[in-house]
Amino acid sequence: GYDIADSGADKNAMALRKGILLEHIEQWKGKEDELDKSHTKVFNKAREHDAFIHYDSIGVGAGAGSKFRELNEGGASIKYARFNAGSSVDQPKKKYGNTEIKNEDMFSNLKDQVWWDIADRVRDTYNAVTKGLPIEKDSIISISSDIDCIDDLIIELSSPLKDTDKTGRVKVESKDDLAKRGIKSPNLADAFIMAYYQPIQRRSAFA
């Protein structure tokens, strides 16, 4: 998962998972006109681990795919796909969980759906570990104890509040509203969310 920032106050972040385990996560400040340098950093990490890249394609991230394609021309074959937080939800007609509510009626957009999915998985993991409740193996969230910024990640994941849109669908508190509460953009959390995002069908070709 790759959350992209430019030369402002925001930071880049990338998260690497293998199966259910988050193995690596970091963030860094990019200087002016260093987007290509950041894209290359993420590409090289993906190449090292033969990983699939989900990248934030909104705003400054729009050109990341072009850079990845260019880097692949050097002999690599890293697959990647855009993550557009504002796009429509996956499986809109499918009912959410054990409810009678369709995904399209439950969530405002893809970002809200994916954040909610992570919240569900964290809750289920907690209940499985502390209460012995059954959980599907692939639904577990596990974070390596070797990661230095676990506390920062947990704070970012738990900072956004639940919100709703005008039709009552679930939303995640926006970055603007977070800023009003004095909370910085959750770069680590966004990279984490994208790393665990599992679309219904992944393209076999590059996006």
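Residues numbered from 1 in each chain as written. Predicted model: local features only at pLDDT ≥ 70, side-chain atom pairs only at ≥ 80, totals over all residues. Heavy atoms only, no water.

(A) Molecular detail of the pattern of salt bridges. Applying the stated criterion across every chain yields a total of 10 salt bridges. Between R123 and D124 there is a salt bridge, with the nearest N and O atoms lying 3.1 Å from each other. Taking relative accessible area as the criterion, D124 reaches 28% and is therefore assigned partly exposed. Through salt bridges with shared partners, one network takes in D120, R123 and D124. (Salt bridge = Lys/Arg side-chain N within 4 Å of Asp/Glu carboxyl O. Buried < 20%, exposed > 50% of the residue type's maximum accessible area, 1.4 Å probe, protein only.)

(B) Geometry of the packing of aromatic side chains. Inspection of every chain in the model, using the stated rule, returns 8 aromatic pairs. On the basis of an interplanar angle of 75 degrees and a centroid distance of 5.3 Å, the ring pair of F83 and Y197 is categorised as edge-to-face. Of the two residues, F83 is situated in strand β5 (residues 80-83) and Y197 in the segment after α7 (187-196); the sequence distance between them amounts to 114 residues. Judged by its relative accessible area of 6%, F83 falls in the buried class. Under the relative-accessibility criterion, Y197 is labelled buried at 10%. Counting every residue linked through ring pairs, the aromatic cluster contains Y2, W28, F43, Y55, F68 and Y80. (Phe/Tyr/Trp six-rings, centres within 6.5 Å; stacked < 30°, edge-to-face > 60°. Helix = DSSP H or I, 4+ residues; strand = E, 2+ residues; numbered from the N terminus.)

(C) The packing of helix α4 (residues 110-131) against α7, seen in detail. It is at 10 Å that the axes of α4 and α7 come closest, and there the two elements cross at 85 degrees. Taken together, α4 and α7 sit at an angle that is classed as roughly perpendicular. Here V114, W115, I118 and R121 of α4 lie close against α7, whose contacting residues are A189, D190, F192, I193 and Y196. Its residues placed into classes, the contact of α4 with α7 shows 7 nonpolar, no polar and 2 charged. (Axes fitted to C-alpha atoms, helices over the stretch in contact; angles between N-to-C directions. Parallel < 35°, antiparallel > 145°, perpendicular 65-115°, else oblique. Contact = heavy atoms within 4.5 Å. Nonpolar A, V, L, I, M, F, W, Y, C, P; charged D, E, K, R; others polar.)

(D) Molecular detail of the confidence of the model for the chain. Predicted confidence across the chain gives a mean pLDDT of 91, with 95% of residues reaching 70 or more. For residues 201-207, every residue scores under 50 in pLDDT, and the model assigns this stretch 13 contacts once sequence neighbours within four places are set aside. (pLDDT = per-residue confidence, 0-100.)

(E) Focus on the packing of helix α5 (residues 150-158) against α7. As a packed pair, α5 and α7 sit with axes 8 Å apart at the nearest point and diverge in direction by 80 degrees. As the angle between them shows, α5 and α7 are arranged roughly perpendicular. Of the residues in α7, those touching α5 at D152, L153, E156 and L157 are N187, L188, A189, F192 and I193. Partitioning the contact of α5 with α7 into residue classes produces 6 nonpolar, 1 polar and 2 charged.

(F) Structural context of helix α1 (residues 35-49). With 15 residues, α1 should cover 21 Å at 1.5 Å per step; its first-to-last C-alpha distance of 22 Å lies within 8% of that length. Looking at α1, one finds that the buried residues are S38, H39, V42, F43, K45 and A46. Mapping the buried residues of α1 onto a view down its axis gives an arc of 160 degrees, with all of them on the same face. Turned more than 90 degrees away from the buried face of α1 sit K37 and E48, all of them exposed. In this fold, the buried residues of α1 make contact with β1 (2-3), β2 (12-18), β3 (21-28), β4 (53-56) and α2 (64-72). (Expected span 1.5 Å × (residues − 1). Arc of directions from axis to C-beta.)

(G) Main features of the environment of R82. Within the fold, R82 resides in strand β5. For R82, a relative accessible area of 45% corresponds to the partly exposed category. Each C-alpha atom, one on R82 and one on A191, is 13 Å from the other, the two residues being 109 residues apart in sequence.

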